[in-house]
Amino acid sequence: MMDNFSYSRPATLKEAANQLGKEHGKIAVIAGGTDLLGEMKDNLAAPERLVSIRHIADLQGVRASASGLRIGAATLLADIVENPMVQERTPLLAMAAGKVGTPQIRNMGTIGGNLCQRPRCWYYRNNFPCYKHGGNTCFSAAGENDFHAIFLGGPSYIVHPSDTAPALVALGATARISSGSRERTVPMDKFFVTPREDVRRENILLPNEVLTAIEVPTAPAGSKAVYVKEMVRETWDFALCSVAAMVTVKDGIVADARIVLGGVAPIPYRVAKAEAALMGKPLNEASAAAAGLAAVDGARPLAKNGYKVPLTQAVVKRALLSLA
Amino acid sequence: MKLSVSIQVNGRTYDREIEPRLLLVHFLRDSIALTGTKIGCDTSQCGACTVLLDDVAVKACTCLAAQADGCSVTTIEGLAPDGRLNALQEAFWTKHGLQCGFCTPGMIFAAQALLRVNGNPSPEQIRHALEGNLCRCTGYQNIVRSVQAAAAAGVR
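All of the points below concern the structure found in this document.

## A closer look at the overall build of chain B
Helix and strand counts for chain B stand at five helices and five strands. From first element to last, N terminus to C terminus, chain B shows the α and β order β-β-α-β-β-β-α-α-α-α. The C-alpha radius of gyration computed for chain B amounts to 15 Å, which stays within 12% of the reference 15 Å derived for 156 residues, consistent with globular compactness. With respect to the three principal axes, the spread of C-alpha positions in chain B is 50 × 30 × 25 Å. Within chain B, the fraction of its 156 residues that count as buried is 52%. Within chain B, contacts between residues at least 6 apart in sequence are counted, and of these 54% link residues at least 24 apart. As displayed, chain B offers around 7,000 Å² of accessible surface, 49% of which is attributable to carbon and sulfur atoms.

Written out as structure tokens, the structure is:
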């Protein structure tokens, strides 16, 4: 049973933001609640107040904008998967959103929540006193680290669990954030923070801020994209490794490539070396293999997650070949 | 710290004073005594608590009753208001799509969501659509056959 809390349902974003506090954890924003309620049941989070933003009209739905799409943060993942504009202009996002959880979770979970969800590390989820809980160690570093980071790890070795995050970074999306009185926009690749930047948090949101929308530019003309997700089981799990790849081939050679990995680093991890390995080459077996190899350059596996290195290499190659 | 909510369940409106922490599944089972919706894992995994919230299938164990305020909910009881099984339930009955029956309400709603958008699903599509629902008797073969039979009988 969860501790009790108070619950409010403000009518507007401004009202919602005004109810937020100066400190993380005490007052929490709830939209779908698919992650937050799980955390509260397990006593990982115990907010005194929930501020619901699920019903606020400004945070809902997909709209066409000058450069692409504006997607309200409280838009359901299922609505993103099925939205014809998303399918046409940013198919990579539709594919990635469709890989989240199960139908029921996509019917309740929102894109904002998918981006702001907390890590799935089993030490974190079992309430070990780790860095994420204010402690001074990461139990996975010398422990059971089968599913942990091979890039950018330390001092915490969590991986970012979101499927939509790698897609949005690849698409060059922007996060819109509001504190009620102040608005700011942040490129998606600057929205997430590594444990070295802030070991307690996975993104830059301040306690009094709400993620309000994602601006997604239309995918470049002639580009092709794919989201590939490898899991322990065939469905309904978090990624061991996922790849969001978007490639534009002009006159037979790669003119633009964006390759972003999920499930292998504490943030969605853009692999510039893999992109460079493709540029100016035809997209074929040889260039895809070179990009796969380049993608794992610099990987630092832990004792039990070494398998993620060849897995990532293979999944990058396979994703790219599917676009050839 | 009570909260007033008004939730329409199977067409009838229930106005109640609740604690904010009350889960929708407990509201259904304990506050208004509709026990057809089951609590299996209480962690969003098993799907036994699946109901329709504003006409889409969600897990009632990971939804606050407060989140359903002003919404319309359909539970398994709502599919057979006069005690007669609907065509999808009938298909589960004739094809032995249930053993202990605990997962059945959730399976029915997941299957119904599929049949609405795909009237002729392949066994693989059925399995994917039911990926959020576990059968503790592992009776999946007959559940897939039941959904196929419902599709063949024209259930949409």
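## As for the packing of helix α2 (residues 87–94) of chain B against helix α5 (residues 140–152) of chain B
Residue and element names in this part refer to chain B. At a minimum axis separation of 8 Å, α2 and α5 run at an interaxial angle of 135°. Comparing their axes, α5 and α2 come out oblique. α5 is crossed by α2, and the crossing has right-handed handedness. For the pair formed by α2 and α5, the contact residues are Leu-88, Ala-91 and Phe-92 on the first element and Ile-143, Ser-146, Val-147, Ala-149 and Ala-150 on the second. Here the contact of α2 with α5 is composed, by residue class, of seven nonpolar, one polar and no charged.

## Some points on the environment of Ala-291 of chain A
All names here are of chain A. Its place among the elements puts Ala-291 in helix α12 (residues 285–295). A residue is classified by how much of its surface remains accessible, and Ala-291, at 0% relative accessible area, is buried. In sequence terms Ala-291 and Ala-274 are 17 residues apart; their C-alpha atoms lie 4.3 Å from each other. Those residues within four positions of Ala-291 in sequence are excluded, and the remaining contacts are Ala-274, Ala-277, Leu-278, Val-316 and Leu-320.

## Points about the sheet that holds strand β6 (residues 174–178) of chain A
Residues and elements named next belong to chain A. An order of β4-β5-β8-β6-β7 is seen for the five strands of this open sheet, with the pairing classed as antiparallel. Two strands in the sheet have a free side with no partner beyond their single neighbour: β4 (62–64) and β7 (183–187). For this sheet, the mean angle separating the axes of adjacent strands, direction not counted, is 25°. Note that β4 and strand β5 (residues 68–72) share three bridges and pair antiparallel. Within the sheet, the bridge partner assigned to Val-62 lies in β5 and is Ile-71.

## A short note on the interface of chain A and chain B
With 29 residues of chain A at the contact, the number on the chain B side is 30 residues. Carbon and sulfur atoms make up 59% of the area that chain A and chain B hide from each other, which totals about 2,400 Å². It is Tyr-7, Gln-104 and Trp-236 of chain A that lose the most area in chain A upon contact with chain B, and together they represent 27% of the buried surface on that side. Across the contact surface, chain A and chain B share two salt bridges. The shortest N-O distance in the salt bridge between Glu-131 of chain B and Arg-106 of chain A comes to 3.8 Å. Our enumeration of links across chain A and chain B arrives at 11 residue pairs in polar contact (both at pLDDT 80 or more). At six residues, helix α6 (residues 103–108) of chain A tops the list of elements feeding residues into the side of chain A that touches chain B. Of the residues assigned to the side of chain A that touches chain B, the class counts are 12 nonpolar, 10 polar and seven charged.

## Observations regarding the packing of α12 of chain A against helix α13 (residues 308–321) of chain A
Residue and element names in this part refer to chain A. Across the interface, α12 lies against α13 with an axial gap of 8 Å and an inter-helix angle of 145°. α12 and α13 meet at a crossing whose hand is right-handed. Only Gln-313, Val-316, Lys-317, Leu-320 and Leu-321 of α13 make contact with α12, whose side of the interface consists of Glu-285, Ala-288, Ala-289, Ala-291, Gly-292, Leu-293 and Ala-295. Across the contact of α12 with α13, the residue classes break down as eight nonpolar, two polar and two charged.

## A closer look at the layout of surface pockets
The probe, sized like a water molecule, is rolled over the atoms to show the empty space still left. Here the second largest pocket is characterised by a volume of approximately 930 Å³. Contributing to the lining of the second largest pocket are 31 residues, with Glu-82, Pro-103, Arg-106 and Asn-107 of chain A together with Val-117 of chain B lying nearest its centre. When contributions to the lining of the second largest pocket are tallied by element, the ones reaching two or more residues are α3 (77–82), α5 (91–98) and α6 of chain A together with β4 (56–59), α3 (104–117) and α4 (123–129) of chain B. The dominant element in the lining of the second largest pocket, judged by the number of residues it contributes, is α3 of chain B, at five residues. Taken together, the residues of the lining of the second largest pocket sort by class into 15 nonpolar, eight polar and eight charged.

## Some thoughts on the pattern of salt bridges
All names here are of chain A. Taken as a whole and assessed by the stated rule, the structure comprises 19 salt bridges over all chains. Residue Glu-285 is joined to Lys-317 by a salt bridge in which the shortest nitrogen-to-oxygen separation is 2.7 Å. With Glu-285 in helix α12 and Lys-317 in helix α13, the pair connects residues that are 32 residues apart, well separated along the chain. Taking relative accessible area as the criterion, Glu-285 reaches 46% and is therefore assigned partly exposed. A residue is classified by how much of its surface remains accessible, and Lys-317, at 25% relative accessible area, is partly exposed. A single network of salt bridges, built from pairs that share partners, joins Asp-35, Arg-120 and Arg-125.

Cut-off values and rules
- Residues numbered from 1 in each chain as written.
- Chains lettered and ligands numbered in written order.
- Predicted model: local features only at pLDDT ≥ 70, side-chain atom pairs only at ≥ 80, totals over all residues.
- Heavy atoms only, no water.
- Helix = DSSP H or I, 4+ residues; strand = E, 2+ residues; numbered from the N terminus.
- Rg over C-alpha atoms; globule rule 2.2 N^0.38 Å.
- Buried < 20%, exposed > 50% of the residue type's maximum accessible area, 1.4 Å probe, protein only.
- Contact = heavy atoms within 4.5 Å.
- Areas by Shrake-Rupley, 256 points an atom, 1.4 Å probe, with all protein chains shown as cover.
- Axes fitted to C-alpha atoms, helices over the stretch in contact; angles between N-to-C directions.
- Parallel < 35°, antiparallel > 145°, perpendicular 65-115°, else oblique.
- Left-handed = near helix turned anticlockwise from the far one by under 90°.
- Nonpolar A, V, L, I, M, F, W, Y, C, P; charged D, E, K, R; others polar.
- Pairing = 2+ DSSP bridges.
- Buried area = accessible area lost by both parts, 1.4 Å probe.
- Salt bridge = Lys/Arg side-chain N within 4 Å of Asp/Glu carboxyl O.
- Polar contact = N/O pair within 3.5 Å; in protein donor to acceptor, adjacent residues only side chain to side chain.
- 1 Å grid on protein atoms, 1.4 Å probe; cavity = no way out; pocket = protein on both sides within 12 Å on 5 of 7 lines; lining within 4 Å.
- Points joined across faces, edges and corners; volume = space filled by probe spheres on them.

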